[in-house]
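Below, each chain spelled out in residue letters.
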Amino acid sequence: MSPVGLHRVLEPAGVLPQGAWRLDASPAVAPNEVRIRVERLNLDAASFRQLWEKHGGDGARIRAEVLEIIAARGKMQNPVTGSGGMLIGTVEEAGRRSPLGLRVGDRVATLVSLTLTPLAVADGLARWDGRSAQVPCDGHAILFARSIAAVLPGDLHPELSLAALDVCGAPALTARVVERYVAGREGAAGQVSVAVIGGAGKSGSLSLAAARRAGAARTVGVVPVAGERDALAAAGLADAVVLADARDPVALSTAVTSALGVPADVTVVCVDAPGCEHGAVLATADGGTVVFFSMATSFAAAALGAEGLAADVTMLVGNGYAPGHAEFALDLVRGEPGVRRLFEARLAAD
């Protein structure tokens, strides 16, 4: 059986599971597969936002569409955003040739997207009101030999772990980029500045904490509303917190430059709304780096925008994986009280 799950693709033939329209989510496992009894789905922010706006916040209609997507596609992949999310559950069966090292009874979070994970729902999502991105669920999912999963830690609540692991690629890559800048400045870390757009969100707050740990001397978090500004300022994760609409390039650039005194060396985009590409580029210094972690990003708009602005910036796609990313994110939640408060407040609101 294919280690990347080609044998689970029903249509169109010959594509990888993520690019497939429909997967085979039957419960019988191949020798190199693992079946998970699903406890909770976590829809990614861009997908949930699109569903929320489409249905005007009507939870019943959102729930119905999610069920329809899963039933039709054998996976959770929003056909508009192309994104999915992740899940937590318990290992129900592990094939004898699975290389994942998981054992029956392990509680795990999958670190691969629902867009490529065969998934079936057995309870009609009856315990979900459709108004939160975290979805109580009874069903099963299949992991391939090349999938990734993390055993849930015993010292954190599962919902808190799920929220952090859902975005654990963001802080890991942010730290890597900032560390390279610090090393390249030959110890002049005082010159390295980082802006995080969407700094009060899950990936944003983790990225701010990661940037500071990696040696950034000055950080600014950009948020759209006063409530998020106050929450992020109270968390103490950024040297400055500013209000700006990330879809307004001039306003965003002005806010970042005013807060830092100069454009940012590294700009990290963690918002779930489309149209933030040009502002991120404009807020970044020549020779700087923009890291896009939003599934709402248009990479054509980013590339053409940089060209049109004559901006000499490197643009990176956050692919959600880096070695050690899961433990790094969980360590930030454990070790940074401001991060944990923001996560717990968001979970309580949900």
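Residues numbered from 1 in each chain as written. Predicted model: local features only at pLDDT ≥ 70, side-chain atom pairs only at ≥ 80, totals over all residues. Heavy atoms only, no water.

Trainee: I'd like a rundown of the packing of aromatic side chains, residues and numbers included.
Mentor: In the structure shown here, the tally under the stated rule is two aromatic pairs. The interplanar angle of 45° and the centroid separation of 5.9 Å between the aromatic rings of Phe48 and Trp52 together place this pair among those described as tilted. Taken together, the residues Phe48 and Trp52, both in helix H1 (residues 45-54) and four residues apart, mark about one turn of the helix. Here the aromatic rings of Phe292 and Phe299 are separated by 6.2 Å at their centres, their planes lie at 85°, and the arrangement is edge-to-face. Its relative accessible area of 39% is what places Phe299 among the partly exposed residues. (Phe/Tyr/Trp six-rings, centres within 6.5 Å; stacked < 30°, edge-to-face > 60°. Helix = DSSP H or I, 4+ residues; strand = E, 2+ residues; numbered from the N terminus. Buried < 20%, exposed > 50% of the residue type's maximum accessible area, 1.4 Å probe, protein only.)

Trainee: Which residues make up the pattern of salt bridges, and what values go with them?
Mentor: The final tally for this structure, using the stated rule, is 21 salt bridges. Between Lys202 and Asp166 there is a salt bridge, with its nearest N and O atoms 3.1 Å apart. In this pair, Lys202 sits in helix H5 (residues 202-213) while Asp166 sits in the loop between helix H3 (158-165) and helix H4 (169-184), placing the two residues 36 residues apart along the sequence. Each member of the pair, Lys202 as well as Asp166, carries the same accessibility label: buried. Ionic pairing is found between Asp331 and Arg213, a salt bridge with its closest N-O pair at 2.7 Å. Of this pair, Asp331 sits in helix H10 (residues 325-335) while Arg213 sits in helix H5, placing them 118 residues apart in sequence. With relative accessibility at 32%, the residue Asp331 sits in the partly exposed group. The partly exposed category is assigned to Arg213, whose relative accessible area is 39%. Several salt bridges share partner residues, and in doing so they unite Arg35, Arg37, Glu92, Glu93 and Asp138 into one network. (Salt bridge = Lys/Arg side-chain N within 4 Å of Asp/Glu carboxyl O.)

Trainee: Describe the packing of H1 against helix H2 (residues 59-73), naming the residues involved and giving the relevant values.
Mentor: Two elements in contact, H1 and H2, have axes whose closest approach is 9 Å; the angle formed by their N-to-C orientations is 125°. Judged on the interaxial angle alone, H2 and H1 are oblique. Between H1 and H2 lies a crossing whose hand is right-handed. Residue-level contacts link Phe48, Leu51, Trp52 and Lys54 of H1 to Arg61, Ile62, Glu65 and Val66 of H2. Partitioning the contact of H1 with H2 into residue classes produces five nonpolar, no polar and three charged. (Axes fitted to C-alpha atoms, helices over the stretch in contact; angles between N-to-C directions. Parallel < 35°, antiparallel > 145°, perpendicular 65-115°, else oblique. Left-handed = near helix turned anticlockwise from the far one by under 90°. Contact = heavy atoms within 4.5 Å. Nonpolar A, V, L, I, M, F, W, Y, C, P; charged D, E, K, R; others polar.)

Trainee: So what's going on with the nonpolar core? Which residues, and what values?
Mentor: One finds Leu165, Val178, Val194 and Leu237 to be the most contacted residues of the largest nonpolar core, which totals 50 residues. In terms of residues, this core owes the most to one element, H4, which gives seven residues. Not counting the four nearest positions on each side in its chain, Val178 is found in contact with Val192, Val194, Ala211, Ala214, Gly215 and Ala216. Counting 25 residues, the second largest nonpolar core, distinct from the first, contains Leu51, Ile70, Leu102 and Leu143. (Core = buried A, V, L, I, M, F, W, Y, C linked by side-chain atoms within 4.5 Å.)

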